[in-house]
Amino acid sequence: MKKATTIDEIYSVFAPEKFLKPEDEEFYVDLYSKDLKRFIQALLINELPTKSFFIAGQSGNGKTTILNLLSTKYPKIDNKYEIIYMAGKEVFDYENIDIVDILLMMANKIVLTNPDLQSKYIKKFEELEAIKNGDLQKSTSTSKDNSEELKASAKLSLSAKFFSMIKASGDFSSSYRLNDTIREEARQIFKVQKKELITIINDLVLECKKINNKELLFIIDDLEKKDNTDKLFLEDLRSLDDIEVTKIITMPIHLRRTQTFQDKDIREFALKLHGFDGKKNEEDRELLKEVIDKRIEKKSLINETIIDRIIDLSGGNLRQLAKLIHFAASEASTFEAEKISEEELAYAKEHLERQLSSVVMLMRNFLKEINENKMPKEDNKDSLDNLGKAIKMGLVYAYFNGKIWYELNPLAKELIDSYDGKWKIF
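Description of the structure in this document. Note that the structure is predicted; figures quoted are calculated from it, not measured. Along each chain, the written sequence defines residue order, and numbers are assigned to residues from 1. Only residues with pLDDT of at least 70 are given local features in this predicted model, and only at 80 or more are side-chain atom pairs given and counted; all residues enter the totals for whole chains, interfaces and linings. Each side-chain value is worked out from all heavy atoms of the structure, with water and hydrogens disregarded.

### Some points on the pairing of strand β1 (residues 52-56)
Most of β1 is tucked away, with five of its five residues classed as buried. When DSSP finds at least two bridges between two strands, those strands are taken to pair. Numbered from the N terminus, helices here are DSSP runs of H or I no shorter than four residues, and strands are runs of E no shorter than two. Inspection of the sheet shows β1 paired to strand β4 (residues 246-251) by five bridges, in the parallel sense. Each bridged residue has a counterpart across the sheet, and for alanine 56 the counterpart in β4 is methionine 251. Here β1 pairs with strand β5 (residues 265-268) via four bridges, running parallel. From the neighbouring strand, phenylalanine 53 faces β5, where its bridge partner is aspartate 265. Summary of the burial criterion: residues with accessible area below 20% of their type's maximum are buried, those above 50% are exposed, and those between are partly exposed, where the area comes from a 1.4 Å probe applied to protein chains only.

### Things to note about the packing of aromatic side chains
Any two rings among Phe, Tyr and Trp, with Trp reduced to its six-membered ring, count as a pair given centres within 6.5 Å; such a pair is stacked if its planes are under 30 degrees apart, edge-to-face if over 60, and tilted if neither. As enumerated under the stated definition, the model contains seven aromatic pairs in all. Aromatic pair phenylalanine 54 and phenylalanine 261: ring centres 5.2 Å apart, planes at 85 degrees, arrangement edge-to-face. With phenylalanine 54 in strand β1 and phenylalanine 261 in the loop between β4 and β5, this residue pair connects regions lying 207 residues apart in the sequence. Through successive ring pairs, a cluster of aromatic residues spans Tyr32, Phe39, Phe53 and Phe269. Note on geometry: a ring has a charge over it if NZ (lysine) or CZ (arginine) is within 6 Å of the ring centre and within 35 degrees of the ring normal. Positioned over the ring face of phenylalanine 53 is lysine 51, at 5.1 Å from the centre of the ring.

### Points about the packing of helix α14 (residues 282-295) against helix α16 (residues 318-334)
Two elements in contact, α14 and α16, have axes separated by 12 Å at closest approach and are oriented at 45 degrees. As far as their axial angle goes, α16 and α14 are oblique. When you trace α14 past α16, the crossing you get is right-handed. Of α16, the residues touching α14 (which contributes Leu288, Val291 and Ile292) are Leu318, Leu321 and Ile325. Broken down by class, the residue content of the contact of α14 with α16 amounts to six nonpolar, no polar and no charged. Working convention: axes come from line fits to C-alpha atoms, limited for helices to the stretch in contact. Angles between N-to-C directions cover 0 to 180 degrees. An angle counts as roughly parallel when it lies under 35 degrees, as roughly antiparallel when it exceeds 145, as roughly perpendicular when it falls between 65 and 115, and as oblique in every other case. Note: crossing handedness is left-handed where the near helix turns anticlockwise from the far helix by less than a right angle, and right-handed where it turns clockwise. For this analysis, residues touch if any pair of their heavy atoms sits within 4.5 Å. Think of it as three bins: nonpolar holds Ala, Val, Leu, Ile, Met, Phe, Trp, Tyr, Cys and Pro, charged holds Asp, Glu, Lys and Arg, and polar takes everything else, Gly as well.

### Some details on unusual backbone geometry
Here aspartate 222, not a glycine, exhibits a phi torsion of approximately 80 degrees, which is positive. As for its placement among the helices and strands, aspartate 222 is situated in the loop between β3 (215-221) and α13 (230-236). Judged by relative accessible area, aspartate 222 falls into the buried class, the value being 1%.

### Quick look at the packing of helix α15 (residues 304-314) against helix α17 (residues 342-362)
Two elements in contact, α15 and α17, have axes whose closest approach is 11 Å; the angle formed by their N-to-C orientations is 15 degrees. It follows from the interaxial angle that α15 and α17 lie roughly parallel. The two elements α15 and α17 cross, and the hand of that crossing is right-handed. Between α15 and α17, the contacting residues are Ile306, Arg309, Ile310 and Leu313 on the first element and Glu342, Leu345 and Lys349 on the second. Residues that form the contact of α15 with α17 fall into these classes: four nonpolar, no polar and three charged.

Okay, structure coming up:
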């Protein structure tokens, strides 16, 4: 990535799907300086081998960039830990993720990081396969019911397929993702034998520590972006407490206030354009200006007034800021404009509002409730579900100021105002 000197290059460097990599360090802006330093120090002094740190924050606020640059920006982390990064969007491209899937992918990632462990890894699963098949064969031979016998035989066949997949490749993640039948069978096997799977992982962890002479730091990112993961976070992730590695897990921000996470170590990262009292936050606005400034070499391509308007419309969300500039640049390029002006920004705003409009209408009453109260009126499951949906769809942003409060995405708010006859002329 290089600094933009043309409209087309602005379009490229603000592509919303991009995140910074170690080689893009010159574009990095330390958005969460104090909170991040506290977090890094907690990682460095941590002595609990099963410790889990949870990262809470709005999708699009730069959490993935922070996690990708941990070892680059903070070499002491790299000195202490062997970092294993697991991106949910790459490993789990299906819905209804199960804790067994996560455990198996953790084992797979450890082996991929340390290929010398593959033979030991396969041997441990062969031992487990022998136990599993022995139980199934015993069940088949003692059954007096033909249907039960057929079920047990079918399970034996499926188990053979699952264990064959494990032994066939050092990286079984692709096969596992694409085969619903094997994935379901794995879940059935390890729901019963979860302790055995955890033991296998911990044995691999111990071997890995010996090889690298470092602790392991597992980063599990993107799970919070998947649908229907509330149960996973509220009930099932406790199994990870038995895995003897330090863990960083990004979590859904709407679960922050639930009882499950009351005693968890949660780190919050968010920019806000104003405080709970409505007072402008100039410091965070300047940080967002710096993000834009670092990516554009030729400043005449976009003036300060437009930049201020983009920041207002972003709500402090980095991804929405990038989308506004990206689509404004697309419009400028299409019609050969010399710079991004109000006309191009109006197009980008309208483009994003069209994407939001249908879901805004579906959740209009709930969104108006958030707009008026800065949080749901009721503290119940329906409100929590609605809040989770609204946050994941980018309709509501979560902010922190000693306490959590919620604001509408500025684009969602303008849509609701337009439906209520309060339309503001751009």
